[in-house]
Amino acid sequence: MSEQIRIVVAGSERQVGAGTTAADLFADDPTVIAARVGGTLVDLARVLADGDDVEPVAIDSRDGRDILRHSTAHVMAQAVQELYPEAKLGIGPPVENGFYYDFDVAEPFTPDDLKSIEKKMQQIVKERQSFVRRPVSDDDARAELASEPYKLELIGLKGGGAEAAAEGASAEVGAGELTIYDNVRPDGELAWKDLCRGPHLPTTRNIPAFKLMRVAAAYWRGSEKNPQLQRIYGTAWESREALKDYLDRLAEAERRDHRKLGRELDLFSFPDELGSGLPVFHPKGGVLKREMEDYVRRRHLEEGFQYVGTPHITKQGLFETSGHLPYYAEGMFPPMELEGSSYYLKAMNCPMHNLIYRSRGRSYRELPLRLFEFGSVYRYEKSGVVHGLTRVRGMTQDDSHSYVTQEQAADEIRHLLNFVLGLLKDFGLDDYYLELSTRDPESDKFIGTDEQWEVATRTLEEVGKASGLELVPDPGGAAYYGPKISVQTRDAIGRSWQMSTIQLDFNQPARFELEYQAADGSRQQPVMIHSAKFGSIERFIGVLTEHYAGAFPPWLAPVQAVGIPIADEHVPYLERLAAKLREHGIRVEVDDSDDRMQKKIRNAQKQKIPFMLIAGDDDVAKDAVSFRYRDGSQKNGVPVDDAVAEIVDAVKRRIQV
RNA sequence: GCCCGAAUAGCUCAGCUGGUCAGAGCAACCGCCUUGUAAGCGGUAGGUCGUCGGUUCGAAUCCGACUUCGGGCUCCA
């Protein structure tokens, strides 16, 4: 009888023979592809030690998918090096929904190359190559990987610095000893190897479904100063069905693309003549924009904000005072020279609001003083980042600045956060988490003292935590003048968008020498809190369009109802109904075109109009109308007064239908 | 800004390797027709093929630059 060890398997204690591997424990469950021993993910081949606490890791769990994707990335790298032996390896970590691997190759990959790489990968998967872990010393690793310059660089970075050095790098080199994974064919021949922390799937055969998605360039270790590598993105899933679901989700996202819907629904466009990132809103998009602005303006007033207005350009000095020019100049359009001065397009509204604050003496009795406007700002976004309405060069922020005493800051942040969340809910967005963006102590792009940052960050953190929402750290993500909390909103298909931001700022009040007179007669410096509720009107419209897939709730819908006659003779009847609806402010049209009724329904459906009001002889006889809704359902013979009431009610309550 | 890809009628797209290749559907316009929940029929008009150069006897097609868009990197509301 061999020696026995005691281990804990999935919570219950067991006695097994020495030399037992994790694979032995879970041999009857093919979905288990790795294990967690004492909290650390390990290969199934790991030999267990006495006292180990072992949990199975299923391929469809979060960790399991990461391992699957990481292993698939290895298979891809192997395929690439078999097809392009001169390709040098970068890093290849799992990412959200997939993986990538970076390669240094002389010629960029083409879509055809992807096909051949994918084919080669399928061969490797079929071959059932084992992933075999092999610890190596640093020196041995250097010797083995002498022809892989990027890997050598990673070996040098091993330890705590690896992840900081390059996102994903810790997937290659962990904090402990280095390991190399050998891909071994069933006959024992070494097929390929890569420096890797692991763990991996037992064999390539454990990859049920994968697909290469696209190729792109990426800077080595994420810095513009470094050479660009060719990055191939792929995805891998625990089953063919899961892969198909994922591809379907991508297709759904494409159907919802606001750039496409904006064109189809005649909401907005991006004329080349204007330049990149400068959208125009068409009448229907204008309705959407105006409804939003009207509502948001009203809500600001209700929450104690005062509406102000400021110009789009200013002399250079203002942005020097604010600190924008020294710290933010590359994000601004270059200046216009006139009358001996340099004028800049406004990139942020805060300096102007500061001038309003400073226009006369302020009393502590006035605080919190809340200034708000739809401020148009222009930012010189780099040409490669402009994207539809979500990343533009000219935008309107629903921007406010609250000036408060030090003591009032936390309450005001709480107030702003509640206000913002309420607004988002009103627009049908009710799934979100918070992100706390702090400064990077290593960087010199942040101004102010350590203590100021410390206090500001702590204040935001406390309010964020107290909100009960998930609070995710975002180190280094702060604005140069202060830390911020942002609300990340998840849309109808689960994507998250950064919308609202609340930023605490101790710096600008000092730079502008803002002050108020306190109760004791002393002069004190206020704290300033920046807040954009939707971030920008443009981005918000883009996000809303995708969230609703263009089928806006009635209160926002550019056309809320359309009258569709069965025959021409029913047009006057519908016109009378439309007039009644217009008395209640409903945006209604009657389709009196030459099209047949069926075609009119199709058109209205494609325009995603919430209420189709159909009338023929039957309806006219009963002083009624028949509803067709966007989902294709219908409600016939509704008395006209009831019909009007239903539509008016839906708009008033801002519900979705 | 960097890398790769793309740009043909208002929209979606054909047009392979340079020589009747300037086309289709939808939309628009004009007629005719139209009584029950996603496309009635016929006709008309519309593009110097993103722009500017180049190669060529000849360029939508090949080359270069620029503009704009897409996917990434970096950055960001």
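Calculation criteria
- Residues numbered from 1 in each chain as written.
- Chains lettered and ligands numbered in written order.
- Predicted model: local features only at pLDDT ≥ 70, side-chain atom pairs only at ≥ 80, totals over all residues.
- Heavy atoms only, no water.
- Buried < 20%, exposed > 50% of the residue type's maximum accessible area, 1.4 Å probe, protein only.
- Helix = DSSP H or I, 4+ residues; strand = E, 2+ residues; numbered from the N terminus.
- Arc of directions from axis to C-beta.
- Contact = heavy atoms within 4.5 Å.
- Pairing = 2+ DSSP bridges.
- Axes fitted to C-alpha atoms, helices over the stretch in contact; angles between N-to-C directions.
- 1 Å grid on protein atoms, 1.4 Å probe; cavity = no way out; pocket = protein on both sides within 12 Å on 5 of 7 lines; lining within 4 Å.
- Points joined across faces, edges and corners; volume = space filled by probe spheres on them.
- Near = heavy atom within 4 Å.
- Polar contact = N/O pair within 3.5 Å; in protein donor to acceptor, adjacent residues only side chain to side chain.
- Nonpolar A, V, L, I, M, F, W, Y, C, P; charged D, E, K, R; others polar.
- Phe/Tyr/Trp six-rings, centres within 6.5 Å; stacked < 30°, edge-to-face > 60°.
- Lys NZ or Arg CZ within 6 Å of the ring centre and 35° of its normal.
- UniProt positions renumbered as here; feature names shortened; annotations may be inferred.
- Core = buried A, V, L, I, M, F, W, Y, C linked by side-chain atoms within 4.5 Å.
- Domains from an automatic or database assignment.

### Points about helix α5 (residues 149-157)
Then comes step 1: When we look at burial in α5, the residues that qualify are Y150, K151, L154 and I155. Seen from one end, α5 has its buried residues packed into an arc of 145 degrees, which puts them on one side.
Then comes step 2: Structurally, α5 contributes buried residues whose contacts are with β6 (88-89), β8 (98-104), α4 (138-144), β10 (178-184), β11 (190-195) and β13 (228-237).

### Brief notes about the sheet that holds strand β20 (residues 369-378)
Across a sheet, strands are paired by hydrogen bonds formed along the backbone, either parallel or antiparallel in direction.
Then comes step 1: The strand order across the open sheet built from eight strands is β16-β20-β21-β28-β25-β24-β22-β23, with neighbouring strands paired in mixed fashion. Lying at the two open borders of the sheet, with one neighbouring strand each, are β16 (306-307) and β23 (471-475).
Then comes step 2: Pairing between strand β25 (residues 496-505) and strand β28 (residues 527-532): five bridges, direction antiparallel. Residue pairing across strands places I502 opposite S531, the latter belonging to β28.
Then comes step 3: Along the sheet face, helix α9 (residues 283-302) touches β16, β20 and β21 (394-404) and points at about 155 degrees away from the line of β20.

### So, empty space enclosed by the protein
Then comes step 1: A complete count under the given rule lists two cavities of 30 Å³ or more for this structure.
Then comes step 2: If you add up the space inside the largest cavity, you get close to 110 Å³.
Then comes step 3: For the largest cavity, the full set of lining residues is L265, L267, K284, G550, F552, A557, P558, V559, Q607, K608, I609 and R630.
Then comes step 4: Space inside the second largest cavity adds up to approximately 30 Å³.
Then comes step 5: Considering the residues around the second largest cavity, the lining is formed by Q452, W453, A456, Y481, G482, P483, L504, D505, F506 and N507.

### Considering the protein's contact with RNA strand B
Then comes step 1: Near RNA strand B, the surroundings consist of 58 residues, among which R214, Y219, Q228, R391 and N636 are the closest.
Then comes step 2: Sugar plus phosphate, as a fraction of atoms of RNA strand B within 4 Å of the protein: 52%.
Then comes step 3: Contact distances for RNA strand B include 3.1 Å between a sugar or linking oxygen and a side-chain N or O atom of Y233.
Then comes step 4: One of the side-chain N or O atoms of Q634 is found 3.3 Å from a base oxygen in RNA strand B.
Then comes step 5: Looking at the surface near RNA strand B, the elements that each hand over two or more residues are β12 (209-219), β13, α8 (258-264), β25, α18 (597-606), α19 (617-621), β32 (624-629) and β33 (634-639).
Then comes step 6: Of the residues contributing to the surface near RNA strand B, the split by class is 16 nonpolar, 19 polar and 23 charged.

### Quick look at the sheet that holds β10
Then comes step 1: Reading across the sheet, the three strands line up as β9-β10-β11 and stay open at both edges, with antiparallel pairing between neighbours. Each of the sheet's edge strands pairs with one partner strand only, and the pair in question is β9 (130-136) and β11. The average angle at which neighbouring strand axes cross in this sheet is 25 degrees, direction not considered.
Then comes step 2: Where β9 meets β10, seven bridges bridge the pair, whose relative direction is antiparallel. Paired with V132 across the strands is D182, a residue of β10.

### Topic: the packing of aromatic side chains
Then comes step 1: Counted under the stated rule, the structure contains 26 aromatic pairs.
Then comes step 2: With a centroid separation of 4.8 Å and 65 degrees between ring planes, the pair formed by Y150 and W220 is classed as edge-to-face. Here Y150 is found in helix α5, whereas its partner W220 is found in the loop between β12 and β13, with 70 residues between them in sequence.
Then comes step 3: You can call Y150 buried: its relative accessible area is 9%.
Then comes step 4: Residue classification places W220 among the buried residues on the basis of a relative accessible area of 3%.
Then comes step 5: Within the aromatic cluster, the residues linked to one another by ring pairs are Y295, F427, F534, F540 and W555.
Then comes step 6: Lying across the ring of F627, K635 places its NZ or CZ 5.8 Å from the centre.
Then comes step 7: When the ring centre of W555 is taken as origin, the NZ or CZ atom of R654, which lies over that ring, is 5.5 Å away.

### So, the UniProt feature "domain: Aminoacyl-transfer RNA synthetases class-II family profile" (unreviewed entry) in chain A
Then comes step 1: Under the UniProt annotation, "domain: Aminoacyl-transfer RNA synthetases class-II family profile" (unreviewed entry) lies at residues 288-553.
Then comes step 2: Annotated as residues 288-553, this span is 33% helix and 27% strand, and its ends, taken at the C-alpha atoms, are 11 Å apart.

### Overview of the nonpolar core
Then comes step 1: In terms of nonpolar packing, the biggest core is built from 73 residues, with M292, F427, F540, L544 and F627 touching the most fellow members.
Then comes step 2: In terms of residue count, the dominant contributor to this core is helix α13 (residues 409-426) (nine residues).
Then comes step 3: Among the domains, domain 3 (264-427 + 502-547) and domain 4 (561-652) are the pair contributing at least three residues each to this core.
Then comes step 4: What F540 contacts, discounting residues up to four positions off in sequence, is M292, L424, F427, L429, M499 and F534.
Then comes step 5: Counting 35 residues, the second largest nonpolar core, distinct from the first, contains A34, L114, I117 and F210.

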